[in-house]
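# Observations on the three-dimensional arrangement
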Amino acid sequence: MATELFPNLSSSPSLIWLVPAIGFHVVNIFLGVFMAFQKKTPAIIRVHGFLYFGVLICLISFLAMNQIHGENTIWDYLVFAYFITLVPFSKRWDTLIHAFITLVGLTLLPVLIILQM
């Protein structure tokens, strides 16, 4: 499975956008955990927002490239809707709930890769 995953991932022009989205999201989660236990500075909050927008840009690029090839599914749109609605809305709630919702988002990104295989 792992040997088949990487050639399929590199051969698809749309799936390659999910790899940086996952990377940005992992870094953003660690930065959020750092902010939860340390003092929140405006610079760190700004970087946290930039990383979130980086994930969104990667997801938009993924959806655009998938649309060109006509391969978008309802799950692709649902994951994108999850990231643009529930993740920013959850930051108004408790920090642990926001962290849990973003971790669910982190598990949804690789699911998009698996569903495209």
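What follows covers the overall build of the protein chain. Tallying secondary structure elements over the protein chain gives five helices and zero strands in all. Counting from the amino terminus, helix and strand elements in the protein chain follow one another as α-α-α-α-α. Residues classed as buried in the protein chain amount to 36% of the 117 residues present. Long-range pairs, those at least 24 residues apart, make up 66% of the contacts in the protein chain with a sequence separation of at least 6. For the protein chain, the accessible surface area stands at approximately 7,300 Å², while carbon and sulfur atoms represent 76% of it.

Take the environment of T102 next. The residue T102 is located in helix α5 (residues 95-116) in this model. Along the chain, T102 and H25 lie 77 residues apart, while their C-alpha atoms are 8.3 Å from each other. The contact partners of T102, leaving out residues within four places of it in the chain, are H25, I29 and V87. A distance of 2.8 Å separates the side chain of T102 from the backbone oxygen of A99, its partner in a polar contact.

The rules behind the values
- Residue numbers here run from 1 along each chain, matching the order of that chain's written sequence.
- Note on the predicted model: pLDDT of at least 70 is required for a residue's local features to be given, and 80 or more for side-chain atom pairs to be given and counted; whole-chain, interface and lining totals, by contrast, use all residues.
- Values reported for side chains reflect all heavy atoms of the structure, with hydrogen atoms and water molecules removed beforehand.
- The helix and strand labels rest on DSSP assignments: H or I over at least four residues marks a helix, E over at least two residues marks a strand, and numbering proceeds from the N terminus.
- To sort residues, take the accessible area from a 1.4 Å probe on protein chains only and compare it with the maximum for the residue type: under 20% means buried, over 50% means exposed, and anything in between is partly exposed.
- Note on contacts: a residue pair qualifies if any of its non-hydrogen atoms lie within 4.5 Å across the two residues.
- Accessible surface area values rest on a Shrake-Rupley calculation with a 1.4 Å probe, where residue burial reflects the displayed protein chains alone.
- Counting of polar contacts relies on pairs of N or O atoms within 3.5 Å, with two restrictions inside protein: one atom must be capable of donating a hydrogen and the other of accepting it, and residues adjacent in sequence are counted only when both atoms are side-chain atoms.

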